[in-house]
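Breakdown of the fold
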Amino acid sequence: MTLDSTTPIEVPTAGRYRIDPRRSTLAYTGKHLFGLGTVHATFEILSGEVVVADPVEETTVSAVVDAGSFSSGNARRDRDVTGPGLLDSDAHPEIRFTCSGCRQDGDRWLLGGTVTAHGASVPVELAVDRCVREGSGMRVHARAEHLDRHAFGVTGSRGMVGRHLDLDLDVVADPA
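What counts and how
Residues numbered from 1 in each chain as written. Predicted model: local features only at pLDDT ≥ 70, side-chain atom pairs only at ≥ 80, totals over all residues. Heavy atoms only, no water. Helix = DSSP H or I, 4+ residues; strand = E, 2+ residues; numbered from the N terminus. Rg over C-alpha atoms; globule rule 2.2 N^0.38 Å. Buried < 20%, exposed > 50% of the residue type's maximum accessible area, 1.4 Å probe, protein only. Lys, Arg positive; Asp, Glu negative; His and termini not counted. Charge placed at Lys NZ, Arg CZ, Asp CG, Glu CD. Phe/Tyr/Trp six-rings, centres within 6.5 Å; stacked < 30°, edge-to-face > 60°. Salt bridge = Lys/Arg side-chain N within 4 Å of Asp/Glu carboxyl O. Contact = heavy atoms within 4.5 Å.

**A closer look at the overall build of the chain**
Helix and strand counts for the chain stand at one helix and nine strands. In summary, the chain has a C-alpha radius of gyration of 17 Å against a globular reference of 16 Å for 176 residues, a match within 12%. The dimensions of the chain, computed from C-alpha atoms along their principal axes, are 45 × 30 × 25 Å. Burial status across the chain gives 44% buried among its 176 residues. Side chains of the chain give 18 positive and 25 negative charges; the mean places of these two sets differ by 5 Å.

Right under this line is the structure:
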């Protein structure tokens, strides 16, 4: 089933799907140097599950990300971001996303959920703008825009690290 003839979203067959971390990516974009530069980085997805429900609005999603896997291509920046002044990945090794429902919004789906990072849980909405069948599974693209790192208690390096960030997820999930 698709939303309409112009949307790239195909609702997958109802069932349980396991996220494949090797074929899935989480990309980070944020500002630095008082907003003058842009940092692009990735995180590793450790695991996750999508349970496509019937009706689809009752679909649930959960995912776990390795907080210490921040990789921007700059070793010093990566150490600073994962260190005690920002993510403190030794004390908070995982970032978790849980979603307990979704709703259609025009040509996309919105997944309302919670991200738990750095010891704080914050409501977040992921916008799914692409979902296509891939083999017996699915490939999904979702985006969370303008997340406020201060809401998670990550307040260090003001000026050097931007307050807001965007996340892009390209997730491949296969039947469980």
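**Topic: the packing of aromatic side chains**
Scanning the entire structure with this criterion turns up two aromatic pairs. Between Tyr-28 and Phe-70, the ring centres sit 5.3 Å apart and the planes meet at 75°, which makes this aromatic pair edge-to-face. Taken together, the positions of Tyr-28 in strand E2 (residues 25–32) and Phe-70 in strand E4 (residues 60–71) put the pair 42 residues apart, joining distant regions of the chain. A relative accessible area of 11% places Tyr-28 in the buried class. Ring centres 5.4 Å apart and planes at 70° place the aromatic pair Phe-43 and Phe-70 in the edge-to-face group. Here Phe-43, found in strand E3 (residues 37–52), pairs with Phe-70, found in strand E4; they are 27 residues apart in sequence, far enough to count as distant. Judged by its relative accessible area of 5%, Phe-70 falls in the buried class.

**Some words on the pattern of salt bridges**
For the structure on display, the rule yields 16 salt bridges. Ionic pairing is found between Asp-20 and Arg-23, a salt bridge with its closest N-O pair at 2.7 Å. In this structure Asp-20 comes out as buried when scored by relative accessible area, which is 8%. Judged by relative accessible area, Arg-23 falls into the partly exposed class, the value being 34%. Across the pair Glu-94 and Arg-96 runs a salt bridge, and its minimum N-O distance is 2.8 Å. The class of Arg-96 is partly exposed, set by a relative accessible area of 40%. When salt bridges that share partners are traced, they join Asp-20, Arg-22, Arg-23, Glu-134, Arg-139, Asp-170 and Asp-174 into one network.

**Structural notes on the environment of Thr-38**
Tracing the backbone through its elements, the reader meets Thr-38 in strand E3. Each C-alpha atom, one on Thr-38 and one on Val-161, is 9.8 Å from the other, the two residues being 123 residues apart in sequence. Apart from the residues lying within four places of it in its own chain, the contact partners of Thr-38 are Thr-29, Gly-30, Lys-31 and His-32.

**Quick look at the environment of Cys-99**
Summarising the element assignment, Cys-99 is placed in strand E5 (residues 94–105). A relative accessible area of 4% means that Cys-99 is categorised as buried. Residues Cys-99 and Ser-62 lie 37 residues apart in sequence; the distance between their C-alpha atoms is 6.4 Å. When near neighbours in sequence (up to four residues on either side) are disregarded, Cys-99 contacts Thr-59, Thr-60, Val-61, Leu-111, Gly-112 and Gly-113.

**Thoughts on unusual backbone geometry**
Across the junction of Asp-54 and Pro-55, the peptide omega takes the value 15°, indicating a cis bond. When you line up the elements, Pro-55 lands in the loop between E3 and E4. Backbone geometry at Asp-88 places phi at a positive 50°, although glycine is not the residue there. Along the chain, Asp-88 turns up in the loop between helix H1 (75–82) and E5. Even without being a glycine, His-146 presents a positive backbone phi close to 60°. Among the structural elements, His-146 can be located in strand E8 (residues 137–148).

Any link to function would need more than the numbers given here.
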